[in-house]
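Examining the three-dimensional arrangement
These are the residues of each chain, in order.
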Amino acid sequence: MPRPIQALISPSAMSHNVEQVRARIQRTQQHLSKSNQAVQQTQQFICAVIKANAYGHGTLNAIKGFAQADALGMIDVEDLVRCREAGWRKSLLLLEGFFDASDIPVLQEHRVTTAIHSDEQIAMLAHAKAAMPIDVFLKINTGMNRLGFLPEQAAEKLAQLEDLQKAGKIARIGHMMHFANADLDAPYVQAAYQQILQARAHYPGPLSICNSAASLRYPQFAFDAQENWLRPGICLYGSTPFNTELADDLVVNLKPTMSLQAKVLAVQTLKAGDSVGYGSAYTAERETRIGVVACGYADGYPRSAKNGTPVSIDGQRSQLLGRVSMDMLTVDLTHLPQAGVGSTVVLWGEGGPSIDTVADCSGRIGYELMCGLTKRVPQVIVE
Ligand SMILES: *Cc1c(COP(=O)(O)O)cnc(C)c1O
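Residues numbered from 1 in each chain as written. Predicted model: local features only at pLDDT ≥ 70, side-chain atom pairs only at ≥ 80, totals over all residues. Heavy atoms only, no water.

**As for the overall build of the protein chain**
Selection criterion: Here a strand is any run of E in DSSP of at least two residues, a helix any run of H or I of at least four, and the numbering for each starts at the N terminus. For each residue, the accessible area found with a 1.4 Å probe, counting protein chains only, is set against the maximum for its type, and the residue is called buried under 20%, exposed over 50%, and partly exposed in between. We call two residues contacting when some pair of their heavy atoms lies within 4.5 Å. Each accessible area is a Shrake-Rupley result for a 1.4 Å probe, and residues are judged covered by the shown protein chains and nothing else. Under the counting rule used here, the positive set is Lys and Arg, the negative set is Asp and Glu, and His together with the chain ends is not counted. Charged groups are reduced to one reference atom each: NZ for lysine, CZ for arginine, CG for aspartic acid, CD for glutamic acid.
Each helix and strand counted, the protein chain has 11 helices and 18 strands in total. Taken over the C-alpha atoms alone, the protein chain extends approximately 80 × 45 × 35 Å along its principal axes. Looking at the protein chain as a whole, 53% of its 383 residues qualify as buried. For the protein chain, the proportion of contacts with a sequence separation of at least 24, taken over those separated by at least 6, is 64%. Of the roughly 17000 Å² of accessible surface on the protein chain, 50% is carried by carbon and sulfur atoms. Within the protein chain, the 36 negative side-chain charges are centred at a point lying 3 Å from the centre of the 34 positive side-chain charges.

Now the structure itself:
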């Protein structure tokens, strides 16, 4: 028997979340069209981000779940090929662009759109064989200061790309940027946004601005170009990009796409004064029934989760007691006399606490917990 732990992955929840983002964009379009007719003529495309093994969900599962998206965005060149082999025919976007000249023929063969963020990449393209021209997004650094060209370099870099276009290396040119702070109501969200509009200077190509936070909080940023490519990631997995719970005024109803479940392996009864686990991090004040669950930090459950982190046991709310160890964690069964060996514990996801709640109780973020699910946890597709 395999160890009783699994991650349930729901492609239908992924699909639901894509539709929620699309609906939010459509409502914004209707709203903006009232004062600006031109907005009606613009198009919005959703590029579902599936980097990092689809935020821990499995690339192939995500290809299925995001079938309704217009594109898939990723970091690894290998994943591009995997997507094509799995039958994905729509657009693919390489978010950081290529890493080596040997990647370019792969992009040409698989019709991949690539970010261009450096002079090194431009030089590699200049030296590449003009087999098939590829679509590119010129990456503008609007304050994140990781990748991209400064706004004041934008015109010069665009001219270089246009030369490569004439040489048959590049097909279409767009512009992209990535927010450092779209999860906050910071003035620099607006400042960064203005920077890319100025850097672009009404160039007519596609524009890609919004991650999850911006797609949800600033959907109006997706209407400046004829063709706008949104790049949501985390929200499509039902987790929030914001520090706080998703605000009601964002009117999106996201569903969790990953549920981590494990079973109770053993039950212990502590007397008052007994403690449980490493470091005796929890000491019982009265007689306490403890369930020992087949999930630990080697599965990706955060070791930093505090006493009291919520769990659900056979559908009833309960909590973590004591320190999370490598292969096990311990939960309170005192108020659940029916629960015992074999009971199902939902650590996060459908039927349990949200992954964001568990992250909050651990000083982590939902992104980390998803990506941190380890290989030894079998993934099971649910419908
Ligand atoms: C990861 C990533 C995204 C998605 O970010 P979320 O916060 O998960 O929505 C979008 N664009 C780029 C360039 C990224 O690297």
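**Here's the deal with the site of the ligand**
Going by this rule: For each residue, the test is whether any non-hydrogen atom lies within 4 Å of the molecule or strand; if one does, the residue is near. Whenever a nitrogen or oxygen atom comes within 3.5 Å of another N or O atom, the pair is scored as a polar contact, on the condition that within protein one atom can donate a hydrogen and the other can accept it, and that pairs from neighbouring residues in sequence are kept only if both atoms are in side chains. Amino acids outside the nonpolar list (Ala, Val, Leu, Ile, Met, Phe, Trp, Tyr, Cys, Pro) and the charged list (Asp, Glu, Lys, Arg) are all regarded as polar, and Gly is one of them.
Every residue near the ligand is listed here: V49, K51, Y55, L95, H178, N211, S212, R231, P232, G233, I234 and Y367. Within the backbone of I234, a nitrogen or oxygen atom sits 2.8 Å from an oxygen atom of the ligand. Partitioning the shell around the ligand into residue classes produces six nonpolar, four polar and two charged.

**Some points on the packing of aromatic side chains**
Selection criterion: Stacked, tilted and edge-to-face are the three classes assigned to paired rings of Phe, Tyr and Trp, where Trp is represented by its six-membered ring and a pair needs centres within 6.5 Å; plane angles under 30 degrees give stacked, over 60 edge-to-face, the rest tilted. Cation placement over rings: the criterion is NZ of Lys or CZ of Arg within 6 Å of the ring centroid and within 35° of the ring normal.
Inspection of every chain in the model, using the stated rule, returns eight aromatic pairs. Centroid distance Y218 to F221: 5.1 Å. Interplanar angle 10 degrees. Geometry classified as stacked. Among the residues examined, Y218 registers a relative accessible area of 8% and is labelled buried. Residue class for F221 comes out buried when judged on its relative accessible area of 2%. Each member of the aromatic cluster is reached from another via a ring pair, and the members are Y55, F66, Y237 and Y367. A cation over an aromatic ring shows up here: R217 above the ring of F242, its NZ or CZ 4.1 Å from the ring centre.

**Some thoughts on the side chain of S33**
Its place among the elements puts S33 in helix 1 (residues 11-33). Classification of S33 as buried rests on a relative accessible area of 6%. One polar contact links the side chain of S33 to the main-chain carbonyl oxygen of Q29, over a distance of 2.5 Å.

**A word on the environment of T309**
Among the structural elements, T309 can be located in the loop between strand 13 (288-293) and strand 14 (310-313). We classify T309 as buried; its relative accessible area is 0%. In the structure, T309 is positioned 125 residues away from L184 in sequence and 26 Å away in space, judged by C-alpha atoms. With residues up to four places along the chain from it excluded, the contact list for T309 reads Y301, S318, Q319, L320, V358 and C361. Only 2.6 Å separates the side chain of T309 from the backbone oxygen of K306, close enough to count as a polar contact.

**Considerations on the pattern of salt bridges**
Keep this limit in mind: Salt bridges are counted wherever a side-chain nitrogen of Lys or Arg sits within 4 Å of a carboxyl oxygen of Asp or Glu.
Per the stated rule, a full pass over the model turns up 14 salt bridges. The salt bridge involving D163 is made with K166; its shortest N-O contact spans 3.8 Å. With a gap of three residues between them, D163 and K166 both fall in helix 7 (residues 154-166), about one helical turn apart. The structure contains a network of salt bridges with shared partners spanning R3, D299, D327 and R376.

**Observations concerning the nonpolar core**
For clarity, the threshold we go by: Throughout this description, the term nonpolar core refers to a set of buried Ala, Val, Leu, Ile, Met, Phe, Trp, Tyr and Cys residues connected via side-chain atoms within 4.5 Å.
Core analysis: the biggest nonpolar cluster contains 111 residues, and F66, L72, F179 and Y301 have the highest contact counts within it. With residues up to four places along the chain from it excluded, the contact list for F179 reads M144, V189, A192, Y193, I209, N211, A214 and F221. Core analysis: the second largest hydrophobic core is formed by six residues, L270, Y282, I290 and L321 among them.

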